[in-house]
Amino acid sequence: LAQAGSVGRLCQNGEEKSRRDRSSAMAQQFYDAEFKEGLTVKTVKDVEADKFIIAFAQHLKRQGRFEIPKWADVVKTSKAKELPPNDPDWLYTRTASMVRKIYIRGGTGVGGFRKVYGGQFRRGTMTNVFCKSSGKIARYILQQLEEMGLVEQDENGGRKITKEGQREL
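Residues numbered from 1 in each chain as written. Predicted model: local features only at pLDDT ≥ 70, side-chain atom pairs only at ≥ 80, totals over all residues. Heavy atoms only, no water.

*Asks:* I tried to follow a positive patch on the surface on my own but got confused; where do I start?
*Replies:* On the surface, a cluster of positive charge is contributed by Lys79, Arg114, Lys115, Lys132, Lys136 and Arg139. For the positive patch, the secondary-structure elements that each account for two or more residues are helix H4 (110-116) and helix H5 (135-148). (Patch = residues over 30% accessible without salt bridge, like charges linked within 9 Å, V, L, I, M, F, W, Y side chains within 5 Å. Areas by Shrake-Rupley, 256 points an atom, 1.4 Å probe, with all protein chains shown as cover. Salt bridge = Lys/Arg side-chain N within 4 Å of Asp/Glu carboxyl O. Lys, Arg positive; Asp, Glu negative; His and termini not counted. Charge placed at Lys NZ, Arg CZ, Asp CG, Glu CD. Helix = DSSP H or I, 4+ residues; strand = E, 2+ residues; numbered from the N terminus.)

Structure, rendered in structure tokens:
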């Protein structure tokens, strides 16, 4: 019975991997389709958010400049969550989402991202209340993006996109 459970997990992991491969192929397909239709994509705002985030997360993963920390597979994204994310590439997805948000609205800092990625904290029989997300994750991603040269600290607080970051996006 224990072996059957591990085989079931292996099948789920295999299915999950094939699903990820399909989603990355679909992301590239949508990204390429935007250019094939004759549409002139000039900025990040011209591409739909979900398609851009999936495509840029794959780009970050292929590039290999973004370092994944040891704690990424066990950390929760908020105190309101019970388990860590199921997707092993969740940090790339969060990074792509944060880069897009900084591109669209510069000057966002760690506190702003904590509020954006926060959610409802379910407290059992008591009413739900809003809970901010983890600041460590947001801070780590912003520090990695600064090392890569995509964002820089804004003089008015928060982060803003660099010229190289605009070029890469």
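*Asks:* Looking at this structure, I do not really get the environment of Ala138. What am I missing?
*Replies:* Residue placement: Ala138 occurs in helix H5. Along the sequence, Ala138 and Thr95 sit 43 residues apart, while their C-alpha atoms lie 8.6 Å from each other. With residues up to four places along the chain from it excluded, the contact list for Ala138 reads Met98, Val110 and Phe113. (Contact = heavy atoms within 4.5 Å.)

*Asks:* It is not clear to me how the packing of helix H3 (residues 90-104) against H5 should be interpreted in this structure. Could you clarify?
*Replies:* The packing of two helices is summarised by the inter-axis angle and the distance between the axes. Across the interface, H3 lies against H5 with an axial gap of 10 Å and an inter-helix angle of 70°. Compared by their axis directions, H3 and H5 come out roughly perpendicular. Each of Trp90, Leu91, Arg94, Thr95, Met98, Val99 and Ile102 in H3 lies in contact with H5, whose residues at this interface are Ile137, Ala138, Tyr140, Ile141, Leu142 and Leu145. A class-by-class count of the residues in the contact of H3 with H5 yields 11 nonpolar, one polar and one charged. (Axes fitted to C-alpha atoms, helices over the stretch in contact; angles between N-to-C directions. Parallel < 35°, antiparallel > 145°, perpendicular 65-115°, else oblique. Nonpolar A, V, L, I, M, F, W, Y, C, P; charged D, E, K, R; others polar.)

*Asks:* I'm lost on the nonpolar core in this one. Help?
*Replies:* When a protein is soluble and globular, its nonpolar side chains tend to lie buried together. Within the largest apolar cluster, 31 residues are counted, with the highest numbers of intra-cluster contacts made by Phe56, Leu91 and Leu169. Mapped by element, the contributors of at least two residues to this core are helix H2 (49-63), H3, H4 and H5. Of all the elements, H3 adds the most residues to this core, at eight residues. Sequence-distant contacts of Leu91, that is, excluding residues within four places in its chain, are made with Phe66, Ile68, Pro69, Ala72, Ile137, Tyr140 and Ile141. (Core = buried A, V, L, I, M, F, W, Y, C linked by side-chain atoms within 4.5 Å. Buried < 20%, exposed > 50% of the residue type's maximum accessible area, 1.4 Å probe, protein only.)

*Asks:* Help me understand the packing of H2 against H3, please; the structure alone is not making it clear to me.
*Replies:* Remark: H2 packs on H3, axes separated minimally by 8 Å, with the N-to-C direction vectors making an angle of 120°. In terms of axis orientation, H2 runs oblique to H3. Crossing of H2 over H3 shows right-handed handedness. From H2, Ala49, Phe52, Ile53, Phe56, Ala57, Leu60 and Lys61 reach across to H3, where they touch Tyr92, Thr93, Thr95, Ala96, Ser97, Val99 and Arg100. Partitioning the contact of H2 with H3 into residue classes produces nine nonpolar, three polar and two charged. (Left-handed = near helix turned anticlockwise from the far one by under 90°.)

*Asks:* Would you take a moment to explain H5 for this structure?
*Replies:* An α-helical turn contains 3.6 residues, so a residue and the one three or four places further along point in the same direction. If you check H5, its first and last C-alpha atoms are 20 Å apart, about what 14 residues at 1.5 Å a residue would give, namely 20 Å. Taken together, the buried positions of H5 are occupied by Gly135, Ile137, Ala138, Tyr140, Ile141, Leu142, Gln144, Leu145 and Met148. In this structure, the buried side of H5 is in contact with H2, H3, H4, strand E3 (151-153), strand E4 (159-161) and helix H6 (163-168). Two or three places before Lys136, at the start of H5, stands the capping residue Ser134, its side-chain oxygen 3.4 Å from that residue's backbone nitrogen. Residue Gly149 follows H5 closely and has a positive phi angle near 85°. (Expected span 1.5 Å × (residues − 1). Polar contact = N/O pair within 3.5 Å; in protein donor to acceptor, adjacent residues only side chain to side chain.)

*Asks:* Honestly, the pattern of salt bridges in this entry has me stumped. Any pointers?
*Replies:* Any two side chains of opposite charge can pair if their charged atoms end up close together. Counted according to the given criterion, the structure contains five salt bridges. Of the charged contacts in the structure, one is a salt bridge between Glu146 and Arg159, with a shortest N-O distance of 2.3 Å. Highlighted residues: Glu146 in helix H5 and Arg159 in strand E4, separated in sequence by 13 residues. Glu146 gets classed as partly exposed once you look at its relative accessible area, which sits at 28%. Across the pair Lys160 and Glu155 runs a salt bridge, and its minimum N-O distance is 3.8 Å. Exposure remark for Glu155: the relative accessible area of 65% places this residue in the exposed category. Sharing partners across several salt bridges, the network here consists of Glu152, Glu155 and Lys160.

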